[in-house]
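Summary of the model geometry
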Amino acid sequence: MTSANPAIAQSGGLTPQRILVFGLLALGLIAPFGVYPIFLMKGFCFALFAAAFNLLLGYVGLLSFGHAMFFGFSAYVTAHAAKEWGLTPEIAILLGVATATVLGAVTGWLAIRRSGIYFAMVTLAFSQMMYFVAVQAPFTHGEDGIQGVPRGHLLGLIDLNDTLTMYYFVFAVLVASLLFLHRIVNSPFGQVLKAIRDNEPRAISLGYEVDRYKLLAFTLSAALAGLAGSVKSLVFQLASLTDVHWHASGEVVLMTLLGGVGTVFGPSAGAFLVVAIQDYFSGIGSWVTIIQGAIFVVCVLLFRSGIVGVMAPMLKRRGIQA
Amino acid sequence: MSGDNIIETKGLTKEFKGFIAVSDVDLKVKRHTIHALIGPNGAGKTTCFNLLTKFLTPSAGQILFNGKDITQAKPAAIARQGMVRSFQISAVFGHLTVLENVRVALQRVEGTSFHFWRSDECLNSLNAKAEELIEAVGVAEYRDTPAGELSYGRKRALEIATTLALDPEMLLLDEPMAGMGTEDIKRTAELIKRVSANRTILMVEHNLSVVADLSDTITVLKLGRVLAEGSYAEISKNPEVVEAYMGSGHA
Ligand SMILES: Nc1ncnc2c1ncn2[C@@H]1O[C@H](COP(=O)(O)OP(=O)(O)OP(=O)(O)O)[C@@H](O)[C@H]1O
Ligand SMILES: [Mg+2]
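Residues numbered from 1 in each chain as written. Chains lettered and ligands numbered in written order. Predicted model: local features only at pLDDT ≥ 70, side-chain atom pairs only at ≥ 80, totals over all residues. Heavy atoms only, no water.

1. Here we look at the overall build of chain B
Helix and strand counts for chain B come out as nine helices and eleven strands. Against the compact-globule benchmark of 18 Å for 251 residues, chain B has a radius of gyration of 18 Å, which places it among compact chains. With respect to the three principal axes, the spread of C-alpha positions in chain B is 60 × 40 × 35 Å. A burial count over chain B gives 55% of its 251 residues as buried. Of the roughly 10,900 Å² of accessible surface on chain B, a fraction of 50% belongs to carbon and sulfur atoms. Charged side chains of chain B number 28 positive and 31 negative; the gap between the two group centres comes to 4 Å. (Helix = DSSP H or I, 4+ residues; strand = E, 2+ residues; numbered from the N terminus. Rg over C-alpha atoms; globule rule 2.2 N^0.38 Å. Buried < 20%, exposed > 50% of the residue type's maximum accessible area, 1.4 Å probe, protein only. Areas by Shrake-Rupley, 256 points an atom, 1.4 Å probe, with all protein chains shown as cover. Lys, Arg positive; Asp, Glu negative; His and termini not counted. Charge placed at Lys NZ, Arg CZ, Asp CG, Glu CD.)

Printed below as a string of structure tokens:
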């Protein structure tokens, strides 16, 4: 059909990139035997949150400062559905994701017309509004949040109260989501996104209604951020105001920038780093924020393209794409 | 169906905060001709392009394309109607390869551009067509190079290939040969001539020998106004035109 494409010709073999991916997969499978599973699951949830955010910042060039509303509201809906309605976890998660998707489509539709800092401000304004809703609405239980959310039985069969089972479920969700994100980026749609990011006027001059592509990307990003929040509410059996607070919106920016914008594994690396810092220094209270800030400043000054962004060229010389 | 003129503007005017960049321009571009827009720096040529392709909204006036009023249309819609522009500052997708740049243009017509669940390998069916186009502009050997790494002249060539990929009825080229060497200018001029066979081309170009060679009609702009219009022989005898060019340092 077409002339030889080196990427396709190679794709059957065991490339260094594949070895890296399989290595990480294996690591994820054995990790709970050496590391506290709750910590890993928290890391996975934020890794997914950051990866979803990265779709927007890294591949469309849009900085959203309101992603916590998708993360947090999805968590509320899932927690409510599981606790009050007694639904199975997969249905509760689906309802959470559906909520985040609708919220994303509406917010996106209104924010996409703005660009740069105005876009960030519109998303922030919306998430502040949703925060206010979360504080006021009775079903979120205000300051207390929704506590004691039952993890339930997946498909009515698999008991998620078992920590290891829950761990593998969360791990599977993360892997599937990263694969899905990888597919989005490497799809016909992803090509158009990259074109828009590289040169928006040129994309318009080729006849692309760029706002529609941005809106779809925004909605997909919101949906996956919602998935992260839903899963987190089952892991911690809690949905609270922390997850809709603008701090969470800021944290995901931090994670993505730390790890490397526009890289596949960067946001996950950044998420784990931030979660590790928070856990490690949790004893010293609000100093965590200052330490986090300091590390952020150092990282931004030392490696401008993030941890993975800086490592990628080194790996590339060995034929690995990060 | 819509007469001789593919484009017709009536009283086209653009004002930037009190500064009038394009003033009362009545432009008629005949179908299947090469029409050049020339004039000293700041004459309003690029602004005219931006108005015609709706990247800017006119302050006053009307634009007809194929007899249809497009004064209120959106820029992407105009491209889909068959009027495609290039940019004065080379506009390529820097992180995409040369082949992918052209393919992005071909892809839109396929109707798969919202398919986020499919592998981009389905775009490989467009490779043959894309390769033909990059061959025609002489950048085939850079097929898999990210476009951002090309020299300026090759970026311009790639831009033309991308524009042609849409097979537009009307091309607007803003200084397509700026930054090219003599060899490339020759090839590009031949290419423009070749593709003009069943299309209309409106182009801005400072290289007057290219303009003389290619264009059927030339419109000279100065300070936003039409100074003269006609064949090269006609306008080169016009004392006002000669003055305008001498005055701004052009030969
Ligand atoms: N967005 C803008 N805001 C304000 N002034 C503008 C804007 N765009 C163009 N101008 C002004 O309008 C005038 C015409 O600019 P234009 O770019 O159309 O000139 P041009 O004929 O293409 O010149 P060149 O040969 O240098 O490309 C210039 O004086 C320019 O400074
Ligand atoms: Mg110009």
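2. As for the packing of aromatic side chains
Tallying each qualifying case throughout the model produces 20 aromatic pairs over all chains. Taking the centre distance of 6.0 Å and the plane angle of 85° together, the rings of Phe119 of chain A and Phe218 of chain A count as edge-to-face. Of the two residues, Phe119 of chain A is situated in helix α6 (residues 116-136) and Phe218 of chain A in helix α10 (residues 210-235); the sequence distance between them amounts to 99 residues. Classification of Phe218 of chain A by relative accessible area gives buried; the value is 0%. Members of the aromatic cluster, joined through ring pairs, are Phe180, Phe189, Tyr208 and Tyr213 of chain A together with Phe114, Phe116 and Trp117 of chain B. (Phe/Tyr/Trp six-rings, centres within 6.5 Å; stacked < 30°, edge-to-face > 60°.)

3. Re the UniProt feature "transmembrane region" (unreviewed entry) in chain A
All names here are of chain A. Mapped onto this structure's residue numbering, the UniProt feature "transmembrane region" (unreviewed entry) falls at residues 19-39, 46-71, 91-110, 117-134, 166-185, 215-240, 252-277 and 284-307. Across residues 19-39 one finds 71% helix and 0% strand; the C-alpha atoms that close the span lie 26 Å apart. Annotated as residues 252-277, this span is 77% helix and 0% strand, and its ends, taken at the C-alpha atoms, are 14 Å apart. (UniProt positions renumbered as here; feature names shortened; annotations may be inferred.)

4. Regarding the environment of Thr200 of chain B
Residue and element names in this part refer to chain B. By the secondary structure assignment, Thr200 is in strand β9 (residues 200-204). For Thr200, a relative accessible area of 1% gives the class buried. When the C-alpha positions of Thr200 and Glu169 are compared, they lie 6.4 Å apart, and in sequence the two are 31 residues distant. For Thr200, the residues in contact, after removing those within four places along its chain, are Ile6, Val29, Lys30, Arg31, His32, Thr33, Glu169, Met170 and Leu171. Polar contacts involving the side chain of Thr200 include one to the main-chain amide nitrogen of His32, which spans 2.9 Å. (Contact = heavy atoms within 4.5 Å. Polar contact = N/O pair within 3.5 Å; in protein donor to acceptor, adjacent residues only side chain to side chain.)

5. Describing the site of ligand 1
Residues and elements named next belong to chain B. Within the structure, ligand 1 sits among 13 residues, and Asn41, Lys45, Thr46, Thr47 and Gln88 are positioned closest to it. Here Lys45 contributes a side-chain N or O atom positioned 2.8 Å from an oxygen atom of ligand 1. For ligand 1, an oxygen atom lies 3.0 Å from a polar atom in the side chain of His206. Counting only elements with at least two residues in the shell around ligand 1, the list comes to β2 (19-25) and α1 (45-52). Broken down by element, the residue count for the shell around ligand 1 peaks at three residues, all from α1. (Near = heavy atom within 4 Å.)

6. Focus: the packing of helix α3 (residues 37-59) of chain A against helix α12 (residues 266-280) of chain A
All names here are of chain A. Between α3 and α12, whose axes approach to 8 Å, the crossing angle comes to 135°. In terms of orientation, α3 and α12 fall into the oblique class. Classified by chirality, the crossing of α12 by α3 is right-handed. Packed against α3, whose contacting residues are Phe39, Leu40, Lys42, Gly43, Phe44, Phe46, Ala47, Ala50, Ala51 and Asn54, the element α12 presents Pro267, Ser268, Ala271, Phe272, Val275, Ala276, Gln278 and Asp279 at the interface. For the contact of α3 with α12, the residue count by class is twelve nonpolar, four polar and two charged. (Axes fitted to C-alpha atoms, helices over the stretch in contact; angles between N-to-C directions. Parallel < 35°, antiparallel > 145°, perpendicular 65-115°, else oblique. Left-handed = near helix turned anticlockwise from the far one by under 90°. Nonpolar A, V, L, I, M, F, W, Y, C, P; charged D, E, K, R; others polar.)

7. Structural notes on the pairing of strand β1 (residues 5-16) of chain B
Residues and elements named next belong to chain B. Inspection of the sheet shows β1 paired to strand β3 (residues 28-30) by three bridges, in the antiparallel sense. Within β3, the residue paired with Ile7 across the bridge is Val29. Relative to strand β5 (residues 60-65), β1 is paired through five bridges, and the arrangement is antiparallel. Bridge pairing links Glu8 to Leu64 in β5. Here β1 folds back onto β2 in antiparallel fashion, the turn holding two residues, of which Lys17 has a positive phi close to 40°. (Pairing = 2+ DSSP bridges.)

8. Let's talk about the coordination of the magnesium ion (ligand 2)
All names here are of chain B. Around the magnesium ion (ligand 2), the donor atoms from the protein are Thr46 (OG1) and Gln88 (OE1), and they sit 1.9 to 2.2 Å away. In this pair, Thr46 is assigned in helix α1 and Gln88 in the loop between β7 (83-85) and α3 (98-110), connecting sequence segments 42 residues apart. When its relative accessible area of 33% is taken as the criterion, Gln88 is described as partly exposed. (Donors = N, O, S within 2.8 Å, 3.2 Å for Na, K, Ca; no water.)

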